[in-house]
Amino acid sequence: MMGDNIILLAVISLFSACQQAYYARLVGRSRMKHKVTPPAVTGPPEFERTFRAQQNCVEIYPIFLVLLWTAGTYFFQEVAAAFGLLYIFARHTYFKGYVASAKDRIPGFYLTLISLFLLLLVALLGITNGLLKTYLDVNVIKKMSHMF
Amino acid sequence: MMGDNIILLAVISLFSACQQAYYARLVGRSRMKHKVTPPAVTGPPEFERTFRAQQNCVEIYPIFLVLLWTAGTYFFQEVAAAFGLLYIFARHTYFKGYVASAKDRIPGFYLTLISLFLLLLVALLGITNGLLKTYLDVNVIKKMSHMF
Amino acid sequence: MMGDNIILLAVISLFSACQQAYYARLVGRSRMKHKVTPPAVTGPPEFERTFRAQQNCVEIYPIFLVLLWTAGTYFFQEVAAAFGLLYIFARHTYFKGYVASAKDRIPGFYLTLISLFLLLLVALLGITNGLLKTYLDVNVIKKMSHMF
């Protein structure tokens, strides 16, 4: 079956998509709680923080997906999936913190950066290996994994 | 040729990407109509509703893409493509309604939820099958489709 | 190795994701420079232009990714990657211009449209060929590339 060696990436993508949908729902709930009728996006501080937290997740989500899939396709999907889980947890910490106060968004923000940086690192390793393999017929990752 | 069994997903993705681009253009037109010069995003109610309608589409679009491709890769691409079409129609109803009045966005909003929920359902079925197949070597979907 | 004939698409995606992340960082820096504390998104004109420039990139990015991958999978990845580079350069021109003044965003805006239009064109060619191949067993692109 097609997609066997990307199934963990699909699982993580699906999970993170549900998280994104959940945050959209939390904004909807915050609208009701604070009586902020669409299309307004300004209101009490707690609503504005909830809205900005979700917007920040919207901004970063496509970046995350690109890093996850590049890392998972060209490096190892298990590693990419693990860092993907870290990202989801980081966003959870960020969102929860931001709703509480602007300052409390900071730990989750840095954890998000760490998770994206790790994904970028393995994506770059994988892509470099992929380029060497495609254009110079050298597979460094395969050779290295034979060493262990 | 690579991508034979995902071509309908590619068609739907392309179609939905054009829809997203069209909504960005409608915001541009609404800017001109109501003389809202960038970078301003506030103005007459109709402009603000048009802008929020587009923003909502921007927020949900990556979620839709993940669901569409997971459903189409691990379940049947024809089913995913059909629900994808429903999503595009739902967004059309939503956008058109929202431009008219905040209240008129509601039918399209619920139709969007239904289309995403259907995609999620078949994506979960497909992913579960994919996990069983990969890790336990059991292919439930194939067995079931042999029953009919 | 899986993904050999999509590696240039992966490279361009990774590059563009880094660009998106960089723009998010520029907004953060502009926040500090102009003392705009989150969750506020209004402030001095330069901050608002920087923020809108990034938001516009966020809106268009998923459209770009869909066009890039459809064009690259069904037409030639080299062509898609070249237009993808043009898109990244166009966004760079747009962002830099927009930060300077609302008027200076226009050249980069039109260049962005051109790059997306070119990607759409080859995506449509590729998809049409893919549909003919899948459902009528005719491969126009292969035949044409044999002519040269």
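Scroll up a little and you will see the structure.
Residues numbered from 1 in each chain as written. Chains lettered and ligands numbered in written order. Predicted model: local features only at pLDDT ≥ 70, side-chain atom pairs only at ≥ 80, totals over all residues. Heavy atoms only, no water.

A. Broad picture of the pattern of salt bridges. Residue and element names in this part refer to chain B. Enumeration according to the criterion identifies six salt bridges over all chains in this entry. Here K33 makes a salt bridge to E46, at a shortest N to O gap of 3.0 Å. With K33 in helix 1 (residues 7-33) and E46 in helix 2 (residues 45-74), this pair connects stretches of sequence that are 13 residues apart. Given the relative accessible area of 56%, K33 is considered exposed. Relative accessible area serves as the criterion here: at 25%, E46 is assigned to the partly exposed category. (Salt bridge = Lys/Arg side-chain N within 4 Å of Asp/Glu carboxyl O. Helix = DSSP H or I, 4+ residues; strand = E, 2+ residues; numbered from the N terminus. Buried < 20%, exposed > 50% of the residue type's maximum accessible area, 1.4 Å probe, protein only.)

B. Structural view of the relation of the copies chain C and chain B. Each copy of the sequence occupies a distinct position, and chain C is placed on chain B by a rotation of 120° and an axial shift of 0.0 Å, giving an RMSD of 0.0 Å. In the structure described here, the two chain copies are related by an operation that fits a three-fold rotation axis. Residues of chain C ranked by C-alpha distance from the rotation axis are headed by C:P62, positioned 4.0 Å from it. A share of only 14% of interface residues in chain C that are also interface residues in chain B marks the association as one of differing surfaces. (Least-squares fit on C-alpha atoms with pLDDT ≥ 70 in both. Contact = heavy atoms within 4.5 Å.)

C. Seen up close, the side chain of B:R31. Within the fold, B:R31 resides in helix 1. Polar contacts involving the side chain of B:R31 include one to the main-chain carbonyl oxygen of B:A40, which spans 2.7 Å. (Polar contact = N/O pair within 3.5 Å; in protein donor to acceptor, adjacent residues only side chain to side chain.)

D. Structural view of the interface of chain C and chain B. Residue-level contacts link 29 residues of chain C with 27 residues of chain B. Summed over both partners, the interface of chain C with chain B buries about 2200 Å², with 73% contributed by carbon and sulfur atoms. Together, C:E59, C:I63 and C:Y74 form the three largest contributors to the area buried by chain C at its contact with chain B, with a combined 25%. At the boundary of chain C and chain B, one finds zero salt bridges. Applying the counting criterion to the chain C and chain B interface returns three residue pairs in polar contact (both at pLDDT 80 or more). At the level of secondary structure, the elements contributing two or more residues to the side of chain C that touches chain B comprise helix 2 (45-74) and helix 4 (106-136) of chain C. (Buried area = accessible area lost by both parts, 1.4 Å probe.)

Read these as spatial facts, not as claims about activity.
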